[in-house]
Amino acid sequence: MSEFKSLKVVDNFYQNNLFYPMPTVIISTLCDDGTTSLGSYSLVFPYYIAGKDYYAMILECRNSSNTAQNLLKNGKCALNFIKDDRKYFKEAVRLGFPGKTPAEKMKDCNLKLIKGKAEGNRPLILKDAYQVIECTWDDSLEDGYKAKEHIGELEGVEPPYNNFNGITSKFGCHFILKIDGILMKEKYADNLKKGLKSNSFPNVPVDYGYHDSKNFWYK
Ligand SMILES: Cc1cc2nc3c(=O)[nH]c(=O)nc-3n(C[C@H](O)[C@H](O)[C@H](O)COP(=O)(O)O)c2cc1C
C-alpha cells in the first residue's frame with residue numbers, strides 16, 4: 001500500500017491540492033494620475049535566471065485587477081517583499097480584497113511609500129520592504145502588447161489568448177517582468193556579501209493560499 005493518496009487536480013491546484021509555500025509580495029503599480037496603487041500577490045516567481053539578455057520574474061494575476069490594468073497601460077511595477085509582522089500581514093490581506101479602486105484602497109493605507117531607484121516614471125516602493133525588485137513588463141514576448149486592446153474589459157476577455165505573456169484566459173493574465181534593479185535593506189545586503197549564517201535571513205511569512213474558501217493560511 002502506498003503512503004500516498006492521489007488527489008483530483010482542480011482549478012487553483014496550487015492552493016486546493018497542495019501545501020505550496022509562497023512569498024507575500026505587495027506589488028506597486030502606477031495609476032493614470034501618477035499615484036501608486038498596491039495589491040497583494042503570491043504567484044510571483046523567477047522566470048529568466050541566467051543565459052538570457054536580461055533577468056525576469058513572472059506574475060500570474062486576474063486580468064481585471066488594478067495591478068494588471070496598470071501594467072497593461074504603462075508596464076512599470078515594484079515587487080515589495082514584506083517581513084513576517086502582523087502590521088504588514090493585516091495590510092496585505094486588506095490590499096488583497098478585489099473590487100476596490102486604487103483611490104479607495106490607498107486612502108486607508110498605513111504603509112509608507114518612498115521613491116525607488118530605477119529610472120523613469122515609476123510607482124513608489126514600500127519603505128518597510130526588506131527587498132524590492134523594480135520591473136518593466138516585456139510586452140514584446142508573444143506579442144503581449146496586443147493585450148492593451150483589452151484595457152478596461154473588466155468582465156472577462158474573450159479569446160484568442162496568449163500562452164504565457166499577456167491575457168492568457170478569460171480572467172487571467174501573465175506578465176514577464178524584466179528586472180530593472182534589486183533593492184535590499186543594508187543589513188541583509190551585507191549578510192549576502194559576507195556569507196550567510198542562520199541569523200542572516202529576514203523573517204518572512206509563508207503563504208499557503210486560500211484553503212477553505214474563507215481564509216488565507218500563513219505560517
Ligand atoms: C496574500 C495574498 C496573495 C495573493 N496572491 C495573488 C496572486 O498571486 N494572484 C492573483 O491574481 N491574486 C492574488 N491575490 C488576490 C489579489 O490580491 C486581489 O485580486 C486584489 O484585488 C488585487 O489587488 P489589485 O486589484 O489592486 O491589483 C492575493 C491576495 C492575498 C491576500
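Scroll up to find the structure.
## Quick notes on the overall build of the protein
Phase 1: A count of helices and strands for the protein gives 5 helices and 12 strands.
Phase 2: In terms of overall dimensions, the protein has a C-alpha envelope of 60 × 50 × 45 Å along the principal axes.
Phase 3: In the protein, which comprises 219 residues, the share counted as buried stands at 32%.
Phase 4: Sequence separation of 24 or more characterises 62% of the internal contacts of the protein that already satisfy a separation of 6 or more.

## Describing the environment of Glu 60
Phase 1: Locating Glu 60 in the fold gives a position in strand E4 (residues 56-62).
Phase 2: Taking C-alpha positions, Glu 60 is 17 Å from Val 10, a pair spaced 50 residues apart along the chain.
Phase 3: Setting aside residues up to four positions removed in sequence, Glu 60 forms contacts with Leu 43 and His 174.

## A word on helix H2 (residues 66-74)
Within an α-helix, residues lying three or four positions from one another point in the same direction, as the helix has 3.6 residues per turn.
Phase 1: Within H2, 7 of the 9 residues are buried, which leaves it mostly tucked inside the rest of the structure.
Phase 2: For H2, the full list of buried residues reads Asn 66, Thr 67, Ala 68, Gln 69, Asn 70, Leu 71 and Leu 72.
Phase 3: Positioned one or two residues after H2, Gly 75 has a phi angle of 75 degrees, which is positive.

## Observations concerning the nonpolar core
Phase 1: Within the largest apolar cluster, 37 residues are counted, with the highest numbers of intra-cluster contacts made by Ile 26, Met 57, Leu 79 and Leu 177.
Phase 2: Apart from residues no more than four positions distant in its own chain, Ile 26 is found in contact with Leu 38, Ser 40, Asn 80, Ile 82, Ala 92, Leu 95 and Leu 126.

## A few points about the environment of Glu 149
Phase 1: Assignment of secondary structure puts Glu 149 in the loop between strand E8 (131-137) and strand E9 (166-167).
Phase 2: For Glu 149 and Leu 72, which are 77 residues apart along the polypeptide, the C-alpha to C-alpha distance reads 9.2 Å.

## Section: the site of the ligand
Phase 1: Residues in close proximity to the ligand total 21 residues, the closest being Gly 39, Leu 43, Asn 66, Thr 67 and Gly 96.
Phase 2: Secondary structure elements with two or more residues in the shell around the ligand: strand E2 (36-41), E4, H2 and helix H3 (86-94).
Phase 3: For the shell around the ligand, the element with the highest residue contribution is E2, accounting for 4 residues.
Phase 4: By residue class, the composition of the shell around the ligand is 8 nonpolar, 9 polar and 4 charged.

## With respect to the pairing of E4
Phase 1: Pairing of strand E3 (residues 44-48) with E4, which is carried by 4 bridges, proceeds in the antiparallel orientation. Looking at E4, one finds that Tyr 48 is bridged to Ala 56.

## A word on the pairing of strand E10 (residues 172-184)
Phase 1: When E4 meets E10, the two strands line up antiparallel, connected through 7 bridges. From the neighbouring strand, Arg 62 faces E10, where its bridge partner is Gly 172.
Phase 2: One ladder, built from 7 bridges, connects E8 with E10; its direction is antiparallel. Bridge pairing in E10 links Cys 135 to Ile 179.
Phase 3: In terms of strand pairing, E9 meets E10 through 2 bridges, oriented antiparallel. Note that in E10 the partner of Gly 166 across the bridge is His 174.

## Here's the deal with H3
Phase 1: For H3, the set of buried residues is Tyr 88, Glu 91 and Ala 92. End-on, the buried residues of H3 take up no more than an arc of 105 degrees, which puts them together on one face. Facing away from the buried side of H3 by more than 90 degrees, the exposed set consists of Arg 86 and Lys 90.

Cut-off values and rules
Residues numbered from 1 in each chain as written. Predicted model: local features only at pLDDT ≥ 70, side-chain atom pairs only at ≥ 80, totals over all residues. Helix = DSSP H or I, 4+ residues; strand = E, 2+ residues; numbered from the N terminus. Buried ≥ 20, exposed ≤ 12 C-beta atoms within 10 Å, placed from the backbone. Contact = placed C-beta atoms within 7 Å. Core = buried A, V, L, I, M, F, W, Y, C linked by C-beta atoms within 7 Å. Near = placed C-beta within 6 Å. Nonpolar A, V, L, I, M, F, W, Y, C, P; charged D, E, K, R; others polar. Pairing = 2+ DSSP bridges. Arc of directions from axis to C-beta.

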